[in-house]
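As a plain string of letters, each chain reads:
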Amino acid sequence: MSTVIAFEDVWYGYETETPVLKGVSLTIGRGEFIAIIGGNGSGKTTLAKHCNGLYKPIKGVVTVNGEDTRDRSVAQLSKTVAYCYQNPDHQIFHQTVKAEVSFGPKNRGLPAAEIEQVVNEALAAVGLAHMGDAEPYFTSKGTRQKIAVASILAMRPDVIVLDEPTTGLDYRGMQEMLELVRRLHESGHTIIVITHDMRLVAEYAQRVIVMQQGKVVCDGSPAQVFAEPQILASAQVVPPAIYRFGKASGLADPIPLTYAAMKKMLTGVGD
Amino acid sequence: MKKEPLLQAREVHWQYEDTAAPSLANVNLDLYPGEVVGVVGPAAAGKTTLLLTLSGLIPANYAGHFVGERKTHAELGIVFQDPETQFIGLTVEEELAFSLENAGFTDTQIEHRIGEVLELVGLKGFAERSPFELSGGEKQRVAIASALSHAPQVLLLDEPTSELDPLGAREVFSLVRRLKQENEMTIVVSSHATEELASFCDRIILVAEGRIVLDLPVREFFSQVDILDTHGIFVPEVIRLYFMLREAGVLPEMPDVLPLDVEELSRLYREAQLVREGSW
Ligand SMILES: Nc1ncnc2c1ncn2[C@@H]1O[C@H](COP(=O)(O)OP(=O)(O)OP(=O)(O)O)[C@@H](O)[C@H]1O
Ligand SMILES: Nc1ncnc2c1ncn2[C@@H]1O[C@H](COP(=O)(O)OP(=O)(O)O)[C@@H](O)[C@H]1O
Ligand SMILES: [Mg+2]
Ligand SMILES: [Mg+2]
């Protein structure tokens, strides 16, 4: 698997005296589906904003396709990596959905016909083809979240970083968002999702990175990570209910992580 | 004997100005001292509108058409869904001091209280920080601290844990239960986190299209799986697992008490395993 993004001993701090990232090293391979989890304030958003050059390390190096992010602007990097904000309202500024989604491609100087095409494709991908003329401000949180995702899709990035994409959505909205992310992954995008939802992690992620106080404290498959109770507790994380039930009931390893797998194990019947 | 309700809504209808349909209709609700009441419902169902109405901010601060009656003699606190839009202080300390000053506390009391509530929400050492320059979950913790600080009798929380880390969310819910037990506080909390609601609430309300569809004690509430499915409410996996295992004959039909968390379900499961082994 080829590397798209690499962090080498990355340090970062805001104006306050304490550093927020303290020597993060990791590589992200093309086509991975990664979840980043960890406590409030552990540095997930700060880490994510390094992926597309919004923040540059104070010490250490972040490379995207082998190039140091310090030598590239966010606009240049946006062809490869897109970051979707934790709060979509920090990202949405235009009067209509279409204007919002067209902003990136216009900025990049694409010809009008091509802009029209990428915008239509992006809106279709998130299921908002019919809402081009709507005013983002008056739509629901779930819709604004999708508008934000469409805006970054219109840049056709390889890597998509989604910062808590399901936060504040109801169950249906959440399932829609997750199916959208799954489709994007299947169509070849590298996906990095920051989340506090362990069911999402268990059902969708291939790899989990656990952050605690600015450091990566665990990095592995969901099964490997959920089997580390001490590390998880110190990172403010609680494994998914299904796994906790298996643990509390003394089931044999490997304990299933998802409802479907648990059902199969206990009844012998799959869905 | 039942206590007197702290807050009552009778036949409340509310329609925001310039909207096509009412956001609340036929709402009747009694809130008693020392209850933790969950509010669930799909997006745009009216959860926020219900909390604003219970708080009195609707109709006081909103334009629209109000019919019905809402009565209370209790002191209220509210945590809004989007805390950031409400911040006015330059520091976290100032932010908390505003609400305490308004509630008539003295300077020494205020200082003491601020230290106390920041510790309660896990933000010790954050007093001098700008509330705008915090992580998402930290902002949400500031909003909760602010509402808790003047110890209201009724606390209304609108999706207070949506951005909290898993342990933090549980801590907030445990705190809510403690406030109920120690101070007989009444807490109304809207949330999509049905797993936490099942573990921590006494009673749950389902709101859909501005109406109260269900208003039941927690175990009865989560037994209504079909109604919850119809309204797109996530039934916690523990509860789905329980019904599935009963149907598959892994768990017995009796006793017929719905488990609400991992520990309760696991106990039923282990008991059933023992019975099975014993009968060999
Ligand atoms: N704009 C800012 N100015 C100063 N400090 C900040 C700023 N944004 C975040 N921080 C601090 O940096 C640390 C890491 O924040 P970050 O937003 O990366 O956390 P997070 O892991 O994304 O948390 P959450 O789960 O709450 O979103 C926190 O201690 C936070 O207070
Ligand atoms: N300030 C407002 N002005 C006009 N309509 C509103 C306002 N706030 C909410 N609504 C409408 O009221 C209904 C209920 O919304 P809300 O109470 O926010 O639901 P929920 O909190 O369950 O998502 C929705 O149709 C929404 O569009
Ligand atoms: Mg964050
Ligand atoms: Mg709401």
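All residue numbers refer to positions counted from 1 along the written sequence of the respective chain. Starting at A for chains and at 1 for ligands, labels are handed out in the order in which the entities are written. With the structure being a predicted model, the display of local features is reserved for residues of pLDDT at least 70 and the display and counting of side-chain atom pairs for 80 or more, all residues being used for whole-chain, interface and lining totals. Neither water nor hydrogens contribute to the side-chain values; these are computed over all heavy atoms in the structure.

A. Up close: the coordination of the magnesium ion (ligand 3). All names here are of chain A. Taken together, the protein donors to the magnesium ion (ligand 3) comprise Thr45 (OG1) and Gln86 (OE1), at separations of 2.0 to 2.2 Å. Residue Thr45 is found in helix α1 (residues 44–51), and its partner Gln86 is found in the loop between β6 (81–84) and α3 (97–107); the two are separated by 41 residues along the sequence. Exposed residues in this analysis have more than 50% of their type's maximum accessible area, buried residues have under 20%, and partly exposed residues fall in between, with area computed by a 1.4 Å probe over protein chains only. For Gln86, a relative accessible area of 14% corresponds to the buried category. Metal-coordinating donors are taken as N, O and S atoms lying within 2.8 Å of the metal, or within 3.2 Å when the metal is Na, K or Ca; because water is left out, some sites can appear incomplete. Where helices and strands are cited, they refer to DSSP runs of H or I of at least four residues and of E of at least two residues respectively, numbered from the N terminus.

B. Geometry of the packing of helix α10 (residues 241–248) of chain A against helix α11 (residues 259–267) of chain A. Residue and element names in this part refer to chain A. The convention used is that axes are lines fitted to C-alpha atoms, helices contributing only their stretch in contact, and that angles between N-to-C directions extend from 0 to 180 degrees. Running from amino to carboxyl end, α10 crosses α11 at an angle of 30°, the nearest separation of the two axes being 9 Å. On the basis of the axis angle, α10 is roughly parallel to α11. Remark: the crossing between α10 and α11 carries left-handed chirality. Listed contacts from α11 to Ile242, Phe245 and Gly246 of α10 are Tyr259, Met262 and Leu266. Residue composition of the contact of α10 with α11, grouped by class: five nonpolar, one polar and no charged. For classification, angles of less than 35 degrees are called roughly parallel, those exceeding 145 degrees roughly antiparallel, those between 65 and 115 degrees roughly perpendicular, and all remaining angles oblique. By convention the crossing between two helices is left-handed if the near helix lies anticlockwise of the far one by an angle smaller than a right angle, and right-handed if it lies clockwise. Contacts: residue pairs with any heavy atoms within 4.5 Å of one another. For this classification, Asp, Glu, Lys and Arg are treated as charged, while Ala, Val, Leu, Ile, Met, Phe, Trp, Tyr, Cys and Pro are nonpolar and the rest, including Gly, are polar.

C. Spotlight on the packing of helix α3 (residues 92–102) of chain B against helix α4 (residues 107–120) of chain B. All names here are of chain B. Interhelical geometry of α3 versus α4 gives an angle of 120° and a closest axis separation of 10 Å. Put simply, α3 runs oblique to α4. Like other packed secondary-structure pairs, α3 and α4 cross with a definite hand, here right-handed. Two secondary-structure elements touch here, α3 through Val92, Glu93, Leu96, Ala97, Leu100 and Glu101 and α4 through Ile110, Arg113, Ile114, Val117 and Leu118. Looking at the contact of α3 with α4, its residues break down into eight nonpolar, no polar and three charged.

D. Inspection of the site of ligand 1 at higher detail. Looking at ligand 1, there are 19 residues lining it, with Lys44, Thr45 and Thr46 of chain A together with Ser135 and Glu138 of chain B nearest. A cutoff of 4 Å decides nearness: a residue is near a molecule or strand if any of its heavy atoms lies inside that distance of it. This site is not confined to one chain, since residues near ligand 1 come from chains A and B. Pairs of N or O atoms are called polar contacts if they sit within 3.5 Å, as long as, within protein, a hydrogen donor faces a hydrogen acceptor (for residues adjacent in sequence, only side-chain-to-side-chain pairs). Between ligand 1 and Ser42 of chain A there is a distance of 3.3 Å, counted from an oxygen atom to a backbone nitrogen or oxygen. At a separation of 2.7 Å, an oxygen atom of ligand 1 approaches a polar side-chain atom of Lys44 of chain A. Accessible surface is estimated by sampling points in the Shrake-Rupley manner with a 1.4 Å probe; for residues, cover comes only from the protein chains shown. Relative to its free-state accessible area of 640 Å², ligand 1 is covered by the protein chains to the extent of 88%. Taken together, the residues of the shell around ligand 1 break down into two nonpolar, 12 polar and five charged.

E. Spatial organisation of the nonpolar core. With 123 residues, the main nonpolar core has Val101 of chain A together with Phe221, Phe222 and Leu241 of chain B as its most contacted residues. Of all hydrophobic cores here, the second largest spans 26 residues; its members include Val10, Ile34, Ile36 and Tyr55 of chain A. Throughout this description, the term nonpolar core refers to a set of buried Ala, Val, Leu, Ile, Met, Phe, Trp, Tyr and Cys residues connected via side-chain atoms within 4.5 Å.

F. Seen up close, the interface of chain B and chain A. The partner chain A presents 35 residues to the 41 residues of chain B that form the contact. Accessible area that two parts lose when put together, with a 1.4 Å probe and added across both, is what the buried area reports. Here chain B and chain A share an interface that buries about 3,200 Å² over both sides, 59% of which is from carbon and sulfur atoms. By the criterion of area lost to chain A, the three top residues of chain B are Pro166, Glu237 and Val262 of chain B, representing 18% of everything that side buries. By salt bridge we mean one thing: a side-chain nitrogen of Lys or Arg within 4 Å of a carboxyl oxygen of Asp or Glu. Summed over the shared surface of chain B and chain A, the number is one salt bridge. Here Glu195 of chain B makes a salt bridge to Arg244 of chain A, at a shortest N to O gap of 2.6 Å. In this assembly, chain B and chain A are joined by 16 residue pairs in polar contact (both at pLDDT 80 or more). Of all the elements in the fold, those that place two or more residues in the side of chain B that touches chain A are α5 (136–149), α6 (166–183), α9 (225–230), α10 (237–247) and α11 (262–278) of chain B. Top contributing element to the side of chain B that touches chain A by residue count: α10 of chain B, with six residues.

G. Geometry of the site of ligand 2. Residue and element names in this part refer to chain B. In the vicinity of ligand 2, the residues found are Tyr16, Thr19, Ser23, Pro42, Ala43, Ala44, Ala45, Gly46, Lys47, Thr48 and Thr49. Note that an oxygen atom of ligand 2 is positioned 2.5 Å from one of the side-chain N or O atoms of Thr49. In terms of residue count, the dominant contributor to the shell around ligand 2 is helix α1 (residues 47–55) (three residues). Residue classes in the shell around ligand 2 are distributed as five nonpolar, five polar and one charged.

H. How the structure looks around the sheet that holds strand β5 (residues 76–79) of chain B. Residues and elements named next belong to chain B. Strands pair, by our definition, only if DSSP identifies at least two bridges between them. Ordered by their spatial adjacency, six strands build an open sheet running β5-β6-β7-β3-β8-β9, and the pairing between neighbours is mixed. Edge positions in the sheet fall to β5 and β9 (211–217), since each of these pairs with one other strand and no more. Across the sheet, the mean angle separating the axes of adjacent strands is 15° when strand polarity is ignored. Of the strands in this sheet, β3 (36–40), β5, β6 (154–158), β7 (186–190) and β8 (203–208) are in contact with α1, which crosses β6 at around 155°. Contacting β3, β6 and β7, α6 crosses the sheet at an angle of about 155° to β7.

I. Spatial organisation of the pairing of strand β9 (residues 207–212) of chain A. All names here are of chain A. With five of its six residues buried, β9 lies for the most part within the structure. The pairing of strand β3 (residues 33–38) with β9 spans five bridges and is classified as parallel. Looking at the pairing, Ile34 lines up with Arg207 of β9. Here β9 pairs with strand β10 (residues 215–220) via five bridges, running antiparallel. The partner of Met211 across the bridge, within β10, is Val216. Turn length for the β9-β10 hairpin, with the two strands adjacent in sequence and antiparallel, is two residues, and the turn residue Gln213 shows positive phi of about 40°.

J. Just the coordination of the magnesium ion (ligand 4), in detail. All names here are of chain B. Here the magnesium ion (ligand 4) is held by the protein donor atoms Thr48 (OG1) and Gln81 (OE1), which lie 2.0 to 2.2 Å from it. Residue Thr48 is located in helix α1, and its partner Gln81 is located in the loop between β5 and α3; the two are separated by 33 residues in the primary sequence. Owing to a relative accessible area of 35%, Gln81 belongs among the partly exposed residues under this scheme.

K. The arrangement of helix α6 (residues 171–186) of chain A in detail. A helix's residues, less one, multiplied by 1.5 Å, set its expected span. Its 16 residues give α6 of chain A an end-to-end C-alpha distance of 22 Å, which sits within 8% of 22 Å, the value for a rise of 1.5 Å per residue. Two residues or fewer past α6 of chain A, Gly188 of chain A is found with a positive phi of approximately 110°.

L. Spatial organisation of the environment of Gln145 of chain A. Residues and elements named next belong to chain A. For Gln145, the location among the structural elements is in helix α5 (residues 141–153). On the basis of relative accessibility, which here comes to 2%, the residue Gln145 falls in the buried class. For the pair Gln145 and Tyr171, spaced 26 residues apart in the sequence, the C-alpha separation amounts to 14 Å. If we skip the residues at most four places from it in the chain, Gln145 touches Tyr85, Pro88, Glu164, Pro165, Thr167, Leu169 and Met177.

M. Looking closely at the environment of Ala6 of chain A. Residues and elements named next belong to chain A. By secondary structure assignment, the location of Ala6 is in strand β1 (residues 3–12). Under the relative-accessibility criterion, Ala6 is labelled buried at 9%. Spatially, the C-alpha atom of Ala6 lies 5.2 Å from that of Thr63, the residues being 57 residues apart in sequence.

Read these as geometric descriptors, not functional statements.
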